[in-house]
Structures are given as C-alpha cells and as structure tokens.
Amino acid sequence: MTLSNSVYLQMMQSVKEKTIKREFEVKEEDVVNDDAFIGATYDMGGNGLKEKVLKGISDEEVYKLQFDCIDEAETFYNMLARVVGFSIRKDDLKRDKNGDIISQKWVCSREGQRATMFIENDKRQCEPRSLTRVGCEAAFRVGLNRKDGKWIVKEFIGDHNHNLVDAINTQFLRSHRTISNPDKAQVDVLRKVGVKTTQIMDYMVKQSGGHEHVGFTQKNIYNHVNAMRRSEIKDGDAEAALAYLCGKAEMDASFFYKFNIDEESRLANLFWADSTARMDYACFGDVLAFDTTYRTNAYKKPLVVLVGVNHHHQTVVFGCALLIDESVGTYEWVLETFLDAMMNKKPISVVTDGDKAMRKAIKKVLPDTCHRLCSWHLQRNAFTNVHIKDFSSIFARCMFMRGNEEEFEKVWHEMVANLGHNENRCVTEIYGKRKRWAEAYLRGNFFGGMRTTQRCESMNAYLNRFLKIRLRLYEFVQQFDRAIMRIRQNEAKAEFESNNSSPVLSTKLVILENHVATVYTKEYFLKFREEMKNVELFFVVGLVEHLEEIPQSCIMKRWTKLAKVYTRSVPVNESDNNMDRFVRYGSLSSMCNKLSYFASDTSSSFIEAKNEIHNLTARMEELYNYNLKGKKIASDGATGTNQVRDPNIVKTKGNPGKVAMNVQKGRRCSRCKRVGHTIRKCPEATIPQNAEPGYMGMLGEQLPNDPSDMYIDWGELNNVRSGMKKHF
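All figures in this text were calculated on a predicted structure; none of them were measured in a lab. (Residues numbered from 1 in each chain as written. Predicted model: local features only at pLDDT ≥ 70, side-chain atom pairs only at ≥ 80, totals over all residues. Heavy atoms only, no water.)

The subject of this paragraph is the pattern of salt bridges. Enumeration over the complete set of coordinates arrives at 20 salt bridges. Of the charged contacts, one joins glutamate 111 and arginine 89 as a salt bridge, the two residues approaching to 2.5 Å between their closest N and O atoms. Of the two residues, glutamate 111 is situated in the loop between strand 3 (101-108) and helix 6 (116-119) and arginine 89 in strand 2 (residues 88-95); the sequence distance between them amounts to 22 residues. Residue class for glutamate 111 comes out partly exposed when judged on its relative accessible area of 23%. Arginine 89 sits in the partly exposed class, given a relative accessible area of 21%. Here glutamate 475 and arginine 229 are joined by a salt bridge, their closest N and O atoms 2.7 Å apart. One end of the pair, glutamate 475, is in helix 21 (residues 473-499); the other, arginine 229, is in helix 10 (residues 218-232), with 246 residues separating them in the sequence. Judged by relative accessible area, glutamate 475 falls into the buried class, the value being 12%. (Salt bridge = Lys/Arg side-chain N within 4 Å of Asp/Glu carboxyl O. Helix = DSSP H or I, 4+ residues; strand = E, 2+ residues; numbered from the N terminus. Buried < 20%, exposed > 50% of the residue type's maximum accessible area, 1.4 Å probe, protein only.)

Once that is clear, we can look at the side chain of histidine 224. Considering the arrangement of structural elements, one finds histidine 224 in helix 10. Exposure remark for histidine 224: the relative accessible area of 10% places this residue in the buried category. Contact partners of histidine 224, with chain neighbours within four places excluded, come to Ile179, Lys184, Val187 and Asp188. (Contact = heavy atoms within 4.5 Å.)

As a further point, take the nonpolar core. One recurring pattern in soluble globular proteins: nonpolar side chains tend to sit buried together. Trp272, Leu303, Val305, Met459, Leu463, Leu467 and Phe480 are the most contacted members of the largest nonpolar core, which totals 37 residues. Counting residues per element, this core draws most heavily on helix 21, which supplies 7 residues. (Core = buried A, V, L, I, M, F, W, Y, C linked by side-chain atoms within 4.5 Å.)

Counting buried residues along strand 9 (residues 303-309), 7 of its 7 residues qualify, which places the element largely inside the surrounding structure. On strand 9, burial covers both faces: Leu303, Val305, Val307 and Val309 on one face and Val304, Leu306 and Gly308 on the other are all buried. Judged from the 7 bridges that link them, strand 9 and strand 10 (residues 315-322) form a sheet pairing that is antiparallel. Bridge pairing in strand 10 places leucine 303 opposite leucine 322. With antiparallel pairing between neighbouring strands as the criterion, strand 9 and strand 10 make up a hairpin whose turn holds 5 residues, including histidine 313 at a positive phi of roughly 60°. (Pairing = 2+ DSSP bridges.)

Attention now moves to the packing of aromatic side chains. Under the criterion given, the structure shown has 29 aromatic pairs. Between the NZ or CZ atom of lysine 345 and the centre of the ring of tyrosine 281, over which it lies, the distance is 5.6 Å. The ring of tryptophan 559 carries the charged tip of arginine 558 above its face, separated from the ring centre by 4.4 Å. (Phe/Tyr/Trp six-rings, centres within 6.5 Å; stacked < 30°, edge-to-face > 60°. Lys NZ or Arg CZ within 6 Å of the ring centre and 35° of its normal.)

Attention now goes to unusual backbone geometry. One non-glycine residue, serine 265, adopts positive backbone phi at about 65°. Backbone geometry at asparagine 344 places phi at a positive 65°, although glycine is not the residue there. Relative to the helices and strands, asparagine 344 resides in the loop between helix 13 (328-341) and strand 11 (349-352). Since its relative accessible area comes to 53%, asparagine 344 is described here as exposed.

Right under this line is the structure:
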C-alpha cells in the first residue's frame, strides 16, 4: 500500500512523537493501559499506518491507496471500520473469463433489508432475530490494475445512516470478532489438558486486559473448538483414534494395540497397552483385577481397565479395552488379547466382582488361575437378597475364618441349620461359589493384599474426572493417556522417596529393622514394621533374638526396591521436525513467559522487547506462510479411505445416565415391596404411641434397598438393632 509523501511524513511524525513521549513521560501504570490500545492497532505495508491515523483519514486519501492483494485491502477496510465503529461483510465479487478475481466489494453489515420471506413466516416456532439491516449505503470496492498488479480503490462511501458503535462495544461487531492463529494455538493447548472452554475464555480475558481487548467472545471459542473437533475426525472418529494409537506405536516400539470390527465394518473392540504397562505387568503381573465401567465416551462403550498392585502398594494399569458388549465372547477376546500383549504370561490370581460372563471367560482362557470374587460385592448382595436376620454378619465371619476347609464346612452347615434356611435359593447360590470367596479354600494363593475390586472402583472414579460421556474416541484415548501419566508420576514420586530417604527406626530390633528399611520400599517397610511390633516380644525372647537380616529365601522381590530393575525409557526424537507441535509451542511459551516477566519491569524495556518481538514475529510469519504452501502442495491428491467406521451406541448393563425415557417407573416401597408409595407412607408401618414428631416408622432398622447398603458397617448395624429393640 502506498501513500502521498505529505500524508506519510505526517503519520510517521505522529508515531515518532508518541514513542518519544511514552519513552520519557509515561508512568508504569499508564504503560498497561496504553499497551491494551496498542495491542489493537494494525501495521499496513510497513508505512506506519495506525488506527489513530485512520481515525482522521479523508475520502481523498482513501482513493489514493494501493494494495498488494485483496487480503490487505480487506484488512484496511476492517481496520477503518473498527476505528469508526461499524462492521463489514463481503458483497459483490467479479471475475474474468479465466476465473480470476478482478474486483471485490465490501459493505457495512447493516446494508440492505431483511427479506420479507423471513419476516412473514407463519410456521415459525421461535422468536425471530432482531432486525439489524437498515439500508446503509457505506461501501468500499477495489479493482485490479493489470499494468502493475496493484489493487486500487474504485469506490468508497464513508457515510452511514445509523448510529455508530463506540470503541468499548466494537468487541461485539462480527467482523471484529476473530480468533488469531496464535490465540487458536493457545486454546488448543489448554483444551488438550482438559481446561473447560469457559475457563479458557476467562484466562484469555485476564491475559489481554479485559473483554474489550481480547478480540472475540466466548461463542467464538466454542465455534473454534467444535470446528477443531470436526477437523480431527474428518476421516471418521474410529479412524482418528486408530491413527493416534498408530502414531504412539511409531514413537514407542513396544506399544501394543489390537482391534476388531463387526459385519458393518464398524469398530467393535479395541485394546491397547504401552511399553510401561507391559513392563509393569512383567514385574507385578502375578495378581490381576479388572472391572467394567460405563459412561466414559459418546458411544457408551464399556471400558475395562486391567490393574494390579505395585511395590509401593499403588494401583498400576496393565492395559484397557473398549468393548462392543459384555458377552462371554467379548471378555474372552479381551483376555486372549491381553495375554498376547503380555507375551502369554498368565497371572497367578484374578479378582473380579462376580459377573457371570467374566467368570466363564476366565474359566476358559485362564483355567489354572485362582479366581477370587470380591468380598465387598458378596456381602452387599447377601445383605440385599437374603432377608434373614443376622445372616450378613455370620456370612462375613464364615468368609474370613482362619480354619481349614473341613472347619468351614462344619461352621457353614451349622449356621444354615440354626437359621432354618437349608432350601433358600440365594443361600444355596452363595454356598456354591464358596471356593472363590471362602478364605479356607483360598488360603495359600497370592493376592497381593487384594480381597475386593476396590482398586478397580477407585480407578474408575479417578478416570471419571478425565473421561466424560461426550468424548469421542479420538478424544477418549488422549484423555486416558493424560490420566495414566498422572498416576505414573505419583509412582515416580514414591520411588524417589523410597530411594532417597530413610525411615525413622522405632523398634528394639534396630539392626533387623534397618535391614528391612534398606530392602523394602517405604510402604511395605511400614507394614513389615507393624508386624514386628506385634511380635516384638517373640523376637527378643525367642530363638531369633540375634537375627540381623531377613534370609533371602524369605524376601519377595516384588515388594523390594529392586522390583523394577529396568530403566523406563523415554522416546527421543531424532530431529526437531518430529517433535509434536504442541511440545514446541509449550517450550516457546515458557521461554516467552520469562522474557515477559523481565521486559514488563519498566517502560523502556517493555518498548524494546515489543519492537524485537514485532520484528521476529514478521520473520516467523513469512516462514510459516512459506511452509504452509509447501504442505498444501504435498497434500494435493492425497485421499484417505475410511476402512473402520464409527461404532454404534451400545446398550450396557451400567447406569444409563440422564436418558430421556417415555416410561416412568413406579416407586416401590422398600418395606412391603408394593408399587405406588414409599416407606414414608407405607400402611404397614406402625408408629409407637410415644413416638416423637418426625418419626417415620422405620424402627431404626436398615432397609435392604437403601442406597447406603454399599457403605454399611455390619458390626455397627447389629449394635443399632439391639439398641432399638431395647428401646422399644
């Protein structure tokens, strides 16, 4: 763009005076406000054309302007519109016989009138949008000068027939609400780490100094996020997720993933485990626990997380799978794929919640593995389904009794006979599974301290902080990786503390205790020391009072500091070109944070840093545009085939969530089991004559269908019952 010499010199003098004044007279608090304005200024063609200069530009000066391209002309008119207080939109476009643009026109956004067909619509279901067009004739047209290739002004109308917007409200005008590429990159980085869109907007507003300076609204960010999500899965959600896993496999030579498809070529089951998970299983794969969780993705595919316990008594993830259903065949595929990933190493024991399909699959795929049922689920089911007084507490004693199999059988049959329920179906079913829950039958098998699937439940609750029901598969696998990284960071911290600190010795067996502290991890040392205190008298008085070390034959390596003898390798990129763009962006952002901290101390350092950043930004923008053209040429003609289609939404046994249902279930009374009322209004509830106001007739007893059953303290329940019986 070119200007007359007089106008150019006048503008440069104004800018120079402004710079000198800011350099020597402006206070620090004024620099922040002035920078907020400077952040909204524009440079045109290196001629120093600023917003403040445009505010007084005349029609004659506009007609003298020349532009190198249409984008430069549009930027100028939009800049002028921002200063004056209106918004622009494209209008007329003319091309030559070759299809090249030779003329472009922009008009005020309030030009013309709304079509009558949109106003006189009798079938409209919602209130029409407010009218904004008032027939404004303001316009700006440029045409191509074929002699020198410049774009010259052909038409300019600067008068408007409506009120113009003041500077603080230009943020709401459409043509001035755009997210720049640097801002988009920042939004994408924050979104990758799980920051909500509203929180991203708050951060951007705080960073720019207010809503009027940020340059876009929250709706613009939502639109950008949705557009990015669509672009990421343009070839299909399943294909994008598989491509992500394939990329991880290229970076991690030991990464394993496997999937199958249904008859419609839709993704059915998907399993994956990285190198760290596979090495963890090699060290701690003697005990395996897995459970199914729901509502973690948009397709409602059940998620199975296979976990164990490491030498710090922390939960460690061995792998995970997304399933098409919860059938026996599907669980068999999961276990077979899992063994394939783990070099066919089978666990010693498995802990599950008792699902029938899981049980059958384990029996077929892992016939020699000891299968234990979760004691917590058993107690809850017994309390819920067996309506026999004191059965739950007696059942718990039978489950954990220290006797042998014969003693267990004797105690069980005596219990059933005393309760008089030899033919009770639920009691018979529980007894039939005794080899998978009774301590008398399970003694001698290693479970790593796990009696329940509590670790699975805790893992599911933890993952729910990262995995939401709206997530597509492509987003799901990324968020799952983010959750696993945090878990492994906790393990690294525990590893560091065990290897770089020593516990305080507190027993009389100082030498032995010190040896235990050097061998075992911190967590297991504390458990071992607790046992030492319980039998300390035996150690001192007994035959082993001179024992200084634990025999090597008695040390289980999986609990020691040397349990993980390998060194966890981190993939290293051979060249900078292979670095992830987000990693490069984050690295540069961290460096700029340090620069900004020092440069913002004084006005002179601020101005110097601002000018250097401006020059460097111009150079990087040229390089970016050059690389962008190369990428476009390389991508021409590239076509992708969508081989794996997105899965259907599956129906699971889990919580369906807030799903619209046409049929409303009637409320069932937990006392009489009838539909139509609750226990509060149950006709069978008896109210004592001396009952206090607010008494609900429950007699202080725990109801079988009460949601608090799952957290009940069985011993406390019996105390409450006996106390209430005495009271009444």
